[in-house]
Amino acid sequence: MAIPVEEAIAALSTFSLEDEQPDVQGLAVLLSSERYATNSPIEYSDVAAYRLSLGEDTKAINQLNTLIQEGKEMASLLYTYRSCVKALPQLPDSMKHSQADLYLETYQVLDLEMSRLREIQRWQASAASKLAADMQRFSRPERLVNGPTITHFWSMLKLLDVLVQLDHLKNAKASIPNDFSWYKRTFTQVSTQWQDTDTMREELDDLQNSVEDILQVLIVFCVESLELDFALLFPERHTLLRVLPVLVVLATSSEKESESLYKRIKMNRLLNIFKRHYLILNHMGTIRAEHDDFSIRFASAMNQMIILKSSDGADSDWSRDIKGNMYDIVVEGFQLLSRWTGRIWEQCAWKFSRPCKEPPSDSQHGSTTFFDYEKPNFIDYGHLTTCMQVVRWNYTAEERRALLELIGYIKSIGLMMQRCDTLVSEALWETIHMEVQDFVQDKLDTMLRTTFRKKKDLSRILSDMRTLSADWMANTSKADPEQHSLHQETEEMRQNTFYPRPVAPTAAQIHCLQFLICELVSGGNLRKPGGLFGNSGSGIPVEDLKLLETFFYKLSFFLHILDYTATIGTLTDLGFLWFREFYLESSRVIQFPIECSLPWMLVEYVTETQDAGLLESVLIPFDLYNDSAQHALTCLKQRFLYDEIEAEVDLSFDLLVEKLNEIIFTYYKSCAASTLLDSSFTYLCDDGEKYFVKPLRFDAIFKLRRVMVLGRTIDLRSLITQRMNKLFRENIDFLLERFESGDLCGVVELQQLLDILELTHQSISKFLELDSYSLMLSEMQENLSLVSYSSRISSQIWNEMQTDFLPNFILCNTTQRFVRSLKGSHHSSQRSSASTGKAYFYCGSHDLTMACQGIAGLYRDFFGIPHMFAVVKLLGSRSLPGIIRALLDHISSKITAMVPKITALQEALPKSIGLLSFDGGIAGCQRIIHEILTWEAKSEVKTEVLHDLKEIGSALYWMSLLDIVLRQIDTTQFMQSAPWLGLIPGNDGQVKHAYSDNSPFTTLLSGATNAVASSPACPNPSSFLVMAKQAEAASLLYKSNLNSGSVLEYALAFTSAALDRHYSKWSATPKTGFIDITTSKDFYRIFSGLQYSYLEESVNPSRKQEMLGDSVAWAGCTIMYLLGQQQHFELFDFSYQFLNVAEVENATVSLYQYSDRNKGPNFLQGYEGILEAMRKARRLNNHVFSMLRARCPLEDKIACAIKPSGAPLHRMKFTNTVSAFETLPQRAT
């Protein structure tokens, strides 16, 4: 069944096509073909219908308008003229014979350009003659023709302005005479010479004697128009400002003429016109107040218009007041826009006339900008001094801010007024119609009955005004029968009322009304002193003269109000801020770099200062590019200029997007770093406020999906998102490269910076659709494959452990830290140099970066528990088992590598090794040990064995640190999940289940599911049933992960299995079944000798202790314990026996210390250091053995398996056999 049209329309009306995109651009977002059309579209051909004898005047206006249009085209050609000579090739000496052909080709190229310049020359002479003749025709005192009208005045002034501009352009363009000289050189027969630049002025000077009156009239008109703001559009005002000095010069060529002019116009009036403060910075307080006040009143007037539109049968007086108020607001808005745009124009001209000779101290021209893009090699920056002086150096930071703020005001007000075009157009037309009808039907009627009743000539003019503009169909008072029945005539009854008709006057009607008012006021003689409305000899009362003056100036605004959109486009056109053709000639470059572009300077100012109040206006300067592109296409009509603008826009927008990403990324990264910074650190800092980030708003920028630039729609949000994803990947890659260029101690800093980056990603993801952080991290770690258990971080960690950590770091068992050996390294590690990244790749701001680097620097010189936490967090359960397995394999390989070395040391021992005798004292014991340990020829082997033991011990202790961290993490997770799983601690320390059937979490969701499913209000309880099933699965999963084992126990079991292969070589079974005291060469004998040698050398300058640390003891004790040689070692260790002898000797000497006082203090002299080292070694060995007995009892072999997920399982018993290494469980069963 078809849906009715009314219902379909009603349904469509409910859809909203608006989005949340804010208005951060101005009106000039599209390129249009025409911006204004306030002139008569039919060239005033309808003026003849009003029978005012203005045929000659109309004809002259049309001729002058044609010349003006041609002159603008010629001015555009001159302004955009580029030298052709620069592109001509230069012949080398070897091709001088082809010089004639080159001249011919050059002439053919230049002849086309010279023909255009000759055409400009001929047109200039013709236009100057026609203007002078036109002035002369209308300046005769006998007045043979009517005119000139106000429109005629404007045409004269505009043509004179065009001639002045052409004259200036010919003098300013140095490329024109250069090309012309080449043109003459290539073809000497061409005798055409460029006309002197003062030709136009000389021709006008010849005619000035006959047009003196009209010149003075034009000067008076210019002065009054400037003083009374008669020109609504700033181009018209600037035309008057440019022409007025020329008119004064032409009209004051002699003393008599000067005296005549200055009688009509005082010199102070001329001086006050040009006496202005051109810097916008001096007016910003007033401009802000005007902007805020107008915005509020315009919004209020718009609300009243909306209420009026929505109300039916509104009171006519109330409706008229609202529409009249809207008209006044629009006129005021146009005046504000004209005044503000004029200030920008004037400041720009003032800056051009006063270049800065040297860069100011706060200029950024000499420093590195935020965009380190490569400057083209073909640009000689030494020639850019002139352009830099007038543009880049000439605007201080405060002036750039003021200029940007004013541009934003102009564009925002223009956009606000343009958006209500359809809403206010009818009101504006009705108001204009009402103004005209009220004047011609009421006020003129009163004047006819009072002031001009006996003045026939003036009454005729008033009647003509009523005839050509009165709308009698709209008059309601004549149709009222009650008023015709009354015979008394009062003022109230003579007041006419009109129908509100949106019928505006034409350009011809306004033209004629202005002419008739001038005729009425001046009596046909504009040369009378006093100006147009200051003529006291007209005989018109002051009240009537004031009414005529007010209506006369309103008429000049009507055409601009009617052409609402075009007027706004003209008033908000700021494209002139980009053009710099004059300086392109003087700088001798093909095109200026982007630093010399004023629009880009404004964008750069916003991005560099990061002012929160201006950040959302960063796209406003791109409206200048839109305006300049519009001007290049429609006014200058030069495609190459548009191409240059487009190329600069492409570069500027790319750089803007890049910088916006950097600003956004830096801000949110600074916020993340500030959040993660230790609060106690900032509290103790005296200047802790610098670590707090100043808030910025990017909401408006994040919502920009349609940015209009040069007629193209750009999704800025999408570009920012793409660049942001790239920036995150670059940051991750930089951090990984930085970690790869350092040692293993930098893992804490890496984890800290990655945490900051992850929090930054979470903050930005609230506004942009970024890629998953884990996905980007996996991608940059090259760990995307499902079967890959390695990554860049894990590979780097293992590489550092192999090449640097295990060989070069020593263990301090007391502090549980590894520190780098200070006296050389056994192996050297080759690393790539660290690249210097951008500031925002660290912690955002400089202060936060220094603080975080200072905190990370505390962990730079050691490796301990904090580093292990970082390793576990970075590797996770996916890559951590790979590191564990690699370490275990490294231990196994080191044990295998030590076998021949240990054998060599065993062979060097004597066949019989007895216990140390107490008879010789410690000196005798030392001598006996030296006789036993004859390893001088095996010093290299001994050193290698010590280093192998050091690496094995470091690996085992690294496993113990990992075990501590994993247990702490497991405990934390258990405490978080135990209440939900119903787990409680038992009396024996074991975990018990408080509930036999289900966990509290499962019970809670199951009960909720049953309640919802039993409710009749729930039509589909399947989703709740699925939720209950998922809760049961989650409960089982968490319970299975609670049974975690020990990584250290697994490593000890693995080491034991590796030792079982060499059991026969390192732990021989005694033949007699008893302990072999004298002939045993088991591993404990070798380690005992190594330990004694190591301790003896530790008190010497060789400093072996600093190179090896406590790792040797950890490795040796672990191997002896796993081989079952702990008790053997404690009984027969050389160091232990040495200490026993020392203790016995010390006790013996103590008994005789009273009889022989000199022997007691001296018997230990020289042995204090080695004895203290032996005591420390014994305490360390006891600590290691006690730990081993607690974690790996010798009653049975106990190990734990590692699941594929990386989580260790509970202890699993297995038989201690030689083949235990092959049968060690590696997978959960």
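Residues numbered from 1 in each chain as written. Predicted model: local features only at pLDDT ≥ 70, side-chain atom pairs only at ≥ 80, totals over all residues. Heavy atoms only, no water.

1. Some thoughts on the overall build of the chain
Right, so step 1: Helix and strand content of the chain: 46 helices and nine strands.
Right, so step 2: Counting all 1229 residues of the chain, 51% fall into the buried class.
Right, so step 3: Restricting to contacts in the chain with at least 6 residues of sequence separation, those with at least 24 account for 81%.
Right, so step 4: If you sum the accessible surface of the chain, you get close to 58900 Å²; carbon and sulfur atoms cover 54% of it. (Helix = DSSP H or I, 4+ residues; strand = E, 2+ residues; numbered from the N terminus. Buried < 20%, exposed > 50% of the residue type's maximum accessible area, 1.4 Å probe, protein only. Contact = heavy atoms within 4.5 Å. Areas by Shrake-Rupley, 256 points an atom, 1.4 Å probe, with all protein chains shown as cover.)

2. With respect to the nonpolar core
Right, so step 1: Core analysis: the biggest nonpolar cluster contains 331 residues, and M417, F698, L716, F863, L949, W958 and W1066 have the highest contact counts within it.
Right, so step 2: Here this core gets 19 residues from one element, more than from any other, and that element is helix 32 (residues 865-908).
Right, so step 3: Sequence-distant contacts of F863, defined by excluding residues within four places in its chain, comprise L744, C745, V747, F805, Q816, R817, F818, M868, V871 and W958. (Core = buried A, V, L, I, M, F, W, Y, C linked by side-chain atoms within 4.5 Å.)

3. Points about the sheet that holds strand 4 (residues 817-820)
Right, so step 1: What the three strands build is an open sheet, ordered 3-4-5; its pairing is antiparallel. This sheet does not close on itself; its edge strands, each paired only once, are strand 3 (809-812) and strand 5 (862-863).
Right, so step 2: Strand direction decides the pairing type here: strand 3 and strand 4, joined by four bridges, are antiparallel. Its bridge partner lying in strand 4, L811 is registered against F818. (Pairing = 2+ DSSP bridges.)

4. Some remarks on the confidence of the model for the chain
Right, so step 1: Chain-level statistics for the chain give a pLDDT mean of 79 and a share of 78% at 70 or above.
Right, so step 2: Taken as a whole, residues 203-210 scores under 50 in pLDDT and shows 16 contacts with residues more than four places along the chain or in a different chain.
Right, so step 3: For the stretch residues 1209-1229, pLDDT sits under 50, and the model shows 59 contacts to residues farther than four places along the chain or on other chains. (pLDDT = per-residue confidence, 0-100.)

5. Focus: the environment of L1059
Right, so step 1: Following the sequence through the fold, L1059 ends up in helix 37 (residues 1047-1060).
Right, so step 2: The spacing of L1059 and T896 is 163 residues in sequence and 8.7 Å in space, taken between C-alpha atoms.
Right, so step 3: Beyond its immediate stretch of four places on either side in the chain, L1059 contacts I895, W1066, I1119, L1122 and L1123.

6. Considerations on the pattern of salt bridges
Pairing between side chains of opposite charge can happen when their charged atoms approach one another.
Right, so step 1: On inspection of all chains with the given rule, the structure shows 47 salt bridges.
Right, so step 2: For E430, the salt bridge is made with K323, and the minimal N-O distance between the two is 2.4 Å. One end of the pair, E430, is in helix 15 (residues 421-449); the other, K323, is in helix 12 (residues 316-353), with 107 residues separating them in the sequence.
Right, so step 3: Take K323: its relative accessible area is 16%, and that puts it in the buried class.
Right, so step 4: The partner of D743 in a salt bridge is R820, with the nearest N and O atoms 3.2 Å apart. You can see D743 sitting in the loop between helix 27 (716-740) and helix 28 (747-765) and its partner R820 sitting in strand 4, a full 77 residues away along the chain.
Right, so step 5: By relative accessible area, which is 31% here, R820 ends up partly exposed. (Salt bridge = Lys/Arg side-chain N within 4 Å of Asp/Glu carboxyl O.)

7. Let's talk about empty space enclosed by the protein
Right, so step 1: Scanning the entire structure with this criterion turns up five cavities of 30 Å³ or more.
Right, so step 2: Size it by volume and the second largest cavity reaches roughly 80 Å³.
Right, so step 3: Contributing to the lining of the second largest cavity are C348, F352, V390, V391, Y395, L577, W578, F579, R580, C596, S597 and L598.
Right, so step 4: Counting only elements with at least two residues in the lining of the second largest cavity, the list comes to helix 12 and helix 13 (385-392).
Right, so step 5: Per-class residue counts for the lining of the second largest cavity are ten nonpolar, one polar and one charged. (1 Å grid on protein atoms, 1.4 Å probe; cavity = no way out; pocket = protein on both sides within 12 Å on 5 of 7 lines; lining within 4 Å. Points joined across faces, edges and corners; volume = space filled by probe spheres on them. Nonpolar A, V, L, I, M, F, W, Y, C, P; charged D, E, K, R; others polar.)

8. Some words on the packing of helix 14 (residues 397-419) against helix 20 (residues 564-571)
Right, so step 1: Contact geometry for helix 14 and helix 20: axes closest at 10 Å, N-to-C directions at 175 degrees. With respect to helix 20, the axis of helix 14 lies roughly antiparallel. Across from I410, G414, M417 and Q418 in helix 14, the residues of helix 20 making contact are Y564, T565, I568 and L571.
Right, so step 2: Residue composition of the contact of helix 14 with helix 20, grouped by class: five nonpolar, three polar and no charged. (Axes fitted to C-alpha atoms, helices over the stretch in contact; angles between N-to-C directions. Parallel < 35°, antiparallel > 145°, perpendicular 65-115°, else oblique.)

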